[in-house]
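# Coordinate analysis (summary)
Chain by chain, the residues:
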Amino acid sequence: MSGVTDLRDIRNTVGNVPLEWYDDFPHVGYDLDGRRIYKPLRTQDELDQFLDKMDDPDFWRTVQDRMTGRDLRLTDEQVALVRRLQSGQFGDMGFNPYEPAVDFFSGDVMIHPVTNRPADKRSFIPSLVEKEKVSRMVHAIKMGWIQPRRPRDPTPSFYDLWAQEDPNAVLGRHRMHVPAPKLALPGHAESYNPPPEYLFSEEERLAWVQQEPGERKLNFLPQKFPSLRAVPAYSRFIQERFERCLDLYLCPRQRKMRVSVDPEDLIPKLPRPRDLQPFPTCQALVYRGHSDLVRCLSVSPGGQWLASGSDDGSLRLWEVATARCMKTVPVGGVVRSVAWNPNPTICLVAAALDDTVLLLNPALGDRLLVGSTDQLLGAFTPPEEPALQPAHWLEASEEEHQQGLRLRICHSKPVTQVTWHGRGDYLAVVLATPGHTQVLIHQLSRRRSQSPFHRSHGQVQCVAFHPTRPFLLVASQRSVRVYHLLRQELTKKLMPNCKWVSSMAVHPVGDNIICGSYDSKLVWFDLDLSTKPYKVLRHHKKALRAVAFHPRYPLFASGSDDGTIIVCHGMVYNDLLQNPLLVPVKVLKGHTLTRDLGVLDVAFHPTQPWIFSSGADGTIRLFT
């Protein structure tokens, strides 16, 4: 019997001490005999607990005793107590919270009061503070500052809506009198004895009945009566009176003030094109020789020579003044882009052909200049260990050297555009490939190539170097990003709000950019002003293919598939508070549409206010 009690009586006798003290020990306390109570070996994982929960019907009423670490099964009384406490009831079942309250202090007057303290003196002496308040209010009423409340007049006030208002009336603030809308006067058809031509025949009556009420010319059927005494009461009288009242209530009370504006004043005051001369006005020369569409053209920095690339597989060099073809270089493929080196001390032309950029010495003009260019290219010494580059530089063969070809830069993907930096040592190319290698920058003097970007932001359409600062402008389909090449960071992101950007040009000062798009918009950005367009011009009917700024004059132009070139005056002021002045001055026509294509490229002469354009009809035209 004593053994059984020993097994049962394992109460923890440590007293009221925190059980965290025993966290590092294998026991949780001591029993009555002073023996340690060891923690149960809890090696059950969640799966064992789940199986116990499924097998043991009393699992829901089993709790762990923190003092001994053992599982206890709650009795029915304990479960009932927990449920009562959870529902917000009292723990003791016999407790009645609604017993009648015991009144400790009775309301009867007793012989011996609770306190015998005499009343205060202030309870029967008038208050000086209240006396001062009352005297102030009396003074305010005498002076008329406080008006006593008057009872409101309950009778409602009415006024005639359509009366001629006097200035003091309620509606006097309406400037002019609006007369009540008049009813149409009755005609012959409304007579009780109308002429016979106003009476309906049987077919007309049936057609009138079948019509919608809103489509009927008359809202009643004309009827004939022998005398006025035989006319019955009008059945729609009350309805018509009600509609007439509605018309009077809902008629607008204020007459619309008509603004007297001269339409001429709404047109912005622009200077006359005659005052903005010089700009190209008429076609002077046509350069013929290409047999297919001329995709691109470029003018030499001196303005004496012109290079053009075509789909007929040739690159042609022209004399500007005479339209004479000085040289034809067969390249055996479509020339996508051509760019003359802007440095006047170097005579080089870069042409993009398939996946190659060709560097040609056209051997035109100054012999010393041609020779110094070849000397510059020949002075390169290749490094002992060639670095890994995204493009290969190849020397031209002897036969190609005779034709003017000096270097080939081979890429892995087709080249769509080539453009030079203003100093003439760097050139940027755009490749038709997805990914971050769409833009490559080549250095001519060291024959190095590098990919400046680590990730792509959409398909790149064109790139341009900033004329004065170390910026590279990259135009994708929906945006133009301006990168700082020295810091290697994005400086600005311009949003043209066009569906597809096609071309881009930078102002010679560098603070303004124009973008052309295939949805026939020309967008002007002021970089100092905002990343949103300063002005959107929609002068063309079809897609824009090319845009260009003049290097010296305040002119810019755009060429489009509608076969026209629009020349605009774009004056940029040094004063930052004055906005640029943009005025379209001339529409130049001359190219014939071929295969739904018009003008493919435009370029200004470097010194004269002349513009060159190349078209899908295989011609180049000079407008002066």
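Residues numbered from 1 in each chain as written. Predicted model: local features only at pLDDT ≥ 70, side-chain atom pairs only at ≥ 80, totals over all residues. Heavy atoms only, no water.

## Structural notes on the state of the cysteines
Summed over all chains, the structure comprises zero disulfides. Between C462, a cysteine without a disulfide, and C515, which holds the nearest cysteine sulfur, the sulfur-to-sulfur distance is 7.1 Å. For C462, a relative accessible area of 7% puts it in the buried group. Under the relative-accessibility criterion, C515 is labelled buried at 1%. (Disulfide = S-S within 2.5 Å. Buried < 20%, exposed > 50% of the residue type's maximum accessible area, 1.4 Å probe, protein only.)

## A short note on the side chain of R316
Note that R316 resides in strand 8 (residues 314-319). One buried charged side chain, R316, makes no salt bridge at all; its nearest oppositely charged neighbour is D312, positioned 4.8 Å away. Residue contacts for R316: discarding those within four places in its chain leaves G289, H290, L306, A307, S308, C325, K327 and T328. (Helix = DSSP H or I, 4+ residues; strand = E, 2+ residues; numbered from the N terminus. Lys, Arg positive; Asp, Glu negative; His and termini not counted. Salt bridge = Lys/Arg side-chain N within 4 Å of Asp/Glu carboxyl O. Contact = heavy atoms within 4.5 Å.)

## Some details on the pattern of salt bridges
Taken as a whole, this structure holds 16 salt bridges when the rule is applied. Note that E240 and R236 form a salt bridge whose closest N and O atoms lie 3.0 Å from each other.

## Section: the sheet that holds strand 32 (residues 611-615)
Within a sheet, each strand pairs with its neighbour through backbone hydrogen bonds, oriented either parallel or antiparallel. As summarised here, the arrangement of the four strands in space is 5-33-32-31, forming an open sheet in which the pairing is antiparallel. A strand with exactly one partner marks an edge of an open sheet, and here the two such strands are strand 5 (283-287) and strand 31 (599-604). Taking each pair of neighbouring strands and ignoring which way they run, the sheet shows an average axis angle of 20°. Summarising the sheet, strand 5 and strand 33 (residues 620-623) pair through four bridges and their orientation is antiparallel. Bridge assignment links Y287 to a residue of strand 33, and that residue is I620. (Pairing = 2+ DSSP bridges. Axes fitted to C-alpha atoms, helices over the stretch in contact; angles between N-to-C directions.)

## Let's talk about the pairing of strand 9 (residues 324-330)
As judged from the six bridges shared by strand 8 and strand 9, these two strands associate in the antiparallel manner. What sits directly across from R316, in strand 9, is T328. Between the antiparallel neighbours strand 8 and strand 9 lie four residues, among them A323 with a positive phi of about 65°.

## Looking at unusual backbone geometry
Of note, N497 is a non-glycine position whose phi angle comes to about 60°, a positive value. By the secondary structure assignment, N497 is in the loop between strand 22 (489-494) and strand 23 (501-506). With a relative accessible area of 52%, N497 lands in the exposed category. The residue S520 is not glycine, and still its phi comes out positive at about 60°. Considering the arrangement of structural elements, one finds S520 in the loop between strand 24 (512-517) and strand 25 (522-526).

## With respect to the environment of G15
Relative to the elements of secondary structure, G15 occurs in the loop between helix 1 (2-8) and strand 1 (27-30). Residues G15 and T491, spaced 476 residues apart in sequence, show a C-alpha to C-alpha distance of 72 Å.

## A look at the UniProt feature "repeat: WD" (unreviewed entry) in the protein chain
Mapped onto this numbering, the UniProt entry gives "repeat: WD" (unreviewed entry) at residues 287-328 and 537-567. For residues 287-328, helix accounts for 0% and strand for 57%, while the C-alpha atoms at its two ends are 13 Å apart. Within residues 537-567, the helical portion is 0% and the strand portion 55%, while the C-alpha atoms at the span's ends are 12 Å from each other. (UniProt positions renumbered as here; feature names shortened; annotations may be inferred.)

## Some details on helix 4 (residues 128-143)
For helix 4, with 16 residues, the first-to-last C-alpha span of 23 Å sits near the 22 Å given by 1.5 Å per residue. The opening residue of helix 4 is S127, an N-cap whose side-chain oxygen sits 3.3 Å from the backbone nitrogen of V129. G144 lies just past helix 4 and shows a positive phi near 85°. (Expected span 1.5 Å × (residues − 1). Polar contact = N/O pair within 3.5 Å; in protein donor to acceptor, adjacent residues only side chain to side chain.)

## Examining the nonpolar core
Of all hydrophobic cores here, the largest spans 20 residues; its most connected members are V357, L359, V418, W420 and L444. Elements with a contribution of two residues or more to this core: strand 11 (349-353), strand 12 (356-360), strand 14 (405-410), strand 15 (415-420) and strand 16 (426-431). Contact partners of V357, with chain neighbours within four places excluded, come to A350, A351, L407, R408, I409, H411, V415, V418, L427 and V429. (Core = buried A, V, L, I, M, F, W, Y, C linked by side-chain atoms within 4.5 Å.)

## Topic: the environment of D425
Position of D425 relative to the elements: it lies in the loop between strand 15 and strand 16. Remark: the alpha-carbon pair of D425 and V320, spanning 105 residues in sequence, is separated by 25 Å. Setting aside anything within four residues of it in sequence, one finds D425 in contact with H442, Q443, L444 and S445. A distance of 2.9 Å separates the side chain of D425 from the backbone nitrogen of S445, its partner in a polar contact.

## Remarks on the sheet that holds strand 26 (residues 535-537)
Spatial strand order, 23-24-25-26: four strands in an open sheet with antiparallel pairing. Here the strands that pair on one side only, and so sit at the sheet edges, are strand 23 and strand 26. Neighbouring strand axes in the sheet, compared pairwise and without regard to direction, differ in orientation by 20° on average. Note: strand 23 against strand 24, five bridges, orientation antiparallel. Residue V506 lies in a different strand from strand 24, and its bridge partner there is I513.

## Some details on the side chain of H591
For H591, the location among the structural elements is in the loop between strand 30 (581-589) and strand 31. Exposure remark for H591: the relative accessible area of 8% places this residue in the buried category. Within the local environment of H591, its side chain forms a polar contact with the side chain of S613, the two groups lying 2.6 Å apart. Within the local environment of H591, its side chain forms a polar contact with the side chain of D617, the two groups lying 3.3 Å apart. With residues up to four places along the chain from it excluded, the contact list for H591 reads G563, V599, S613, S614, G615, D617, T619 and R621.

## As for the packing of aromatic side chains
On inspection of all chains with the given rule, the structure shows nine aromatic pairs. Consider the rings of Y22 and F25, whose centres lie 6.5 Å apart with planes at 65°: the pair is edge-to-face. By relative accessible area, which is 13% here, Y22 ends up buried. Of the residues examined, F25 reaches a relative accessible area of 45% and is grouped as partly exposed. By way of ring pairs, the aromatic residues Y287, W318 and F612 are connected into one cluster. One Lys or Arg, R216, reaches over the ring of W208 and ends 4.1 Å from the middle of that ring. (Phe/Tyr/Trp six-rings, centres within 6.5 Å; stacked < 30°, edge-to-face > 60°. Lys NZ or Arg CZ within 6 Å of the ring centre and 35° of its normal.)

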